[in-house]
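Here is how the chains run, residue by residue.
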Amino acid sequence: MTLKLGIPKGSLQDATIHLFAKAGFNIHVGSRSYFPSIDDPEIECMLIRAQEMARYVSDGVLDAGLTGQDWIDEHELGDGTTGVLTSIAALVYAKQSYGTVRWVLAVPEDSPVRTPQDLGGATVATELVRVTRAYFSRRQVDVKVEFSWGATEVKPPLLADAIVEATETGSTLRANRLRIVDTVMESSTQLVANRAALADPRKKTKLDNVALLLKAAIEAQGRVGLMLNVRRADLDAVLALLPALQRPTISPLSDPEWVAVNTIIEERTARDLIPRLKHAHAQGIVEYPLNKIVL
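Reference entry: report on the structure contained in this document. What you see is a predicted model; the values in this text were computed from it and never measured.

Quick word on the overall build of the protein chain
The helix and strand inventory of the protein chain stands at 9 helices and 16 strands. Over its C-alpha atoms the protein chain spans a radius of gyration of 24 Å, topping by over 25% the 19 Å that the globule rule assigns to 295 residues. Taking the principal axes of its C-alpha atoms as reference, the protein chain extends roughly 80 × 55 × 35 Å. In the protein chain, the proportion of contacts linking residues at least 24 apart, taken out of those at least 6 apart, comes to 70%.

Encoded structure:
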């Protein structure tokens with residue numbers, strides 16, 4: 001059994017390969033090859049642009065692939081057929097952060113436009129053409145939607161009146177003196193598969209296992225483990241300082257007056273928390289990295 005898996009080429013490529021590494025899969029991309037190697041004999045990878053992934057998975061060229069919900073919607077609003085693709089897992093990561101991407105309607109800062117309805121008769125440039133047309137159609141606003149090959153944010157006001165563009169932080173839009181009018185859609189990366197792959201028990205099991213490990217890697221992002229020892233007499237004071245996913249694990253030590261405490265915390269809180277734990281008489285404090293958290 002070989003699972004044909006599409007890896008998004010382009011802006012999501014590095015983040016995806018890093019996520020797979022955290023999940024335990026090492027992917028190596030050659031400088032000229034579109035077929036990366038992976039240290040799992042049951043998986044065969046192929047680099048495909050995220051914009052095309054839904055089509056190739058839907059057509060059966062690939063068993064599964066990673067792409068944004070935005071490009072799935074774009075595919076299904078066009079020639080694609082809804083219901084062919086099944087999302088195995090929503091993986092909330094993007095090229096710059098572990099979060100969703102927003103497609104926003106933006107205009108120049110000095111534009112009089114304040115709502116989508118103000119754009120009647122205007123030209124809107126975007127890569128996400130079908131979703132954008134559907135957005136304005138739902139609002140009964142007649143606009144001309146033009147496909148943009150890239151660098152969309154530089155087109156207003158000379159080449160377009162407005163744009164619909166993806167953003168994580170909004171910094172590129174602000175740098176080009178653009179103002180957000182509305183959010184067209186929010187999108188996160190999806191691991192999708194076609195019906196034929198899911199009908200194969202071995203491929204379905206493999207996909208479920210890959211999804212489990214990828215979600216576990218995302219869950220661990222920004223978190224660390226913390227171990228410490230404390231006297232039973234000081235345990236309540238230490239526990240009062242500890243946040244946790246559920247409750248800290250407390251284990252007895254060979255000395256009945258002492259216990260070991262193991263928990264998970266947000267990494268950003270460690271520098272403030274560890275001195276407070278020491279002041280509460282915790283000893284042997286160890287902070288350690290996490291690759292996966294399976295909930």
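Past the structure itself, the notes keep going.
Overview of the nonpolar core
Within the largest apolar cluster, 29 residues are counted, with the highest numbers of intra-cluster contacts made by Phe20 and Leu66. Listed by contribution, the elements that provide at least two residues to this core are β1 (3-9), α1 (13-23), β4 (43-49), β5 (64-68), β6 (85-91), β12 (189-194) and α7 (201-220). A per-element tally of this core places α7 first, with 6 residues. Leu66 has contacts with Leu5, Gly6, Ile7, Pro8, Phe20, Met53, Leu91, Tyr93, Thr189, Gln190, Leu191 and Leu214, leaving out every residue within four places of it along the chain. If you look at the next biggest cluster of nonpolar residues, it comprises 22 residues, including Ala122, Val124, Val141 and Ala162.

Considering the packing of α1 against α7
One way to put it is that α1 packs onto α7 with a least axis distance of 8 Å and a crossing angle of 100°. In terms of orientation, α1 and α7 fall into the roughly perpendicular class. Contact residues: α1 offers Leu19, Phe20, Lys22 and Ala23, while α7 offers Val210, Leu213, Leu214, Ala217 and Ile218. Counted by class, the contact of α1 with α7 contains 8 nonpolar, no polar and 1 charged residues.

Looking at α7
In a regular helix each residue adds 1.5 Å, so 20 residues correspond to 28 Å; α7 covers 29 Å between its end C-alpha atoms and thus fits that length. Of all the residues in α7, the buried ones are Lys203, Lys206, Leu207, Val210, Ala211, Leu214, Ala216, Ala217, Ile218 and Ala220. Its side-chain oxygen 3.0 Å from the backbone nitrogen of Arg202, Asp200 forms the N-cap of α7. Count one or two residues on from α7 and you reach Gly222, which has phi positive near 80°.

Each value, and the rule that gives it
- Residues numbered from 1 in each chain as written.
- Predicted model: local features only at pLDDT ≥ 70, side-chain atom pairs only at ≥ 80, totals over all residues.
- Heavy atoms only, no water.
- Helix = DSSP H or I, 4+ residues; strand = E, 2+ residues; numbered from the N terminus.
- Rg over C-alpha atoms; globule rule 2.2 N^0.38 Å.
- Contact = heavy atoms within 4.5 Å.
- Core = buried A, V, L, I, M, F, W, Y, C linked by side-chain atoms within 4.5 Å.
- Buried < 20%, exposed > 50% of the residue type's maximum accessible area, 1.4 Å probe, protein only.
- Axes fitted to C-alpha atoms, helices over the stretch in contact; angles between N-to-C directions.
- Parallel < 35°, antiparallel > 145°, perpendicular 65-115°, else oblique.
- Nonpolar A, V, L, I, M, F, W, Y, C, P; charged D, E, K, R; others polar.
- Expected span 1.5 Å × (residues − 1).
- Polar contact = N/O pair within 3.5 Å; in protein donor to acceptor, adjacent residues only side chain to side chain.

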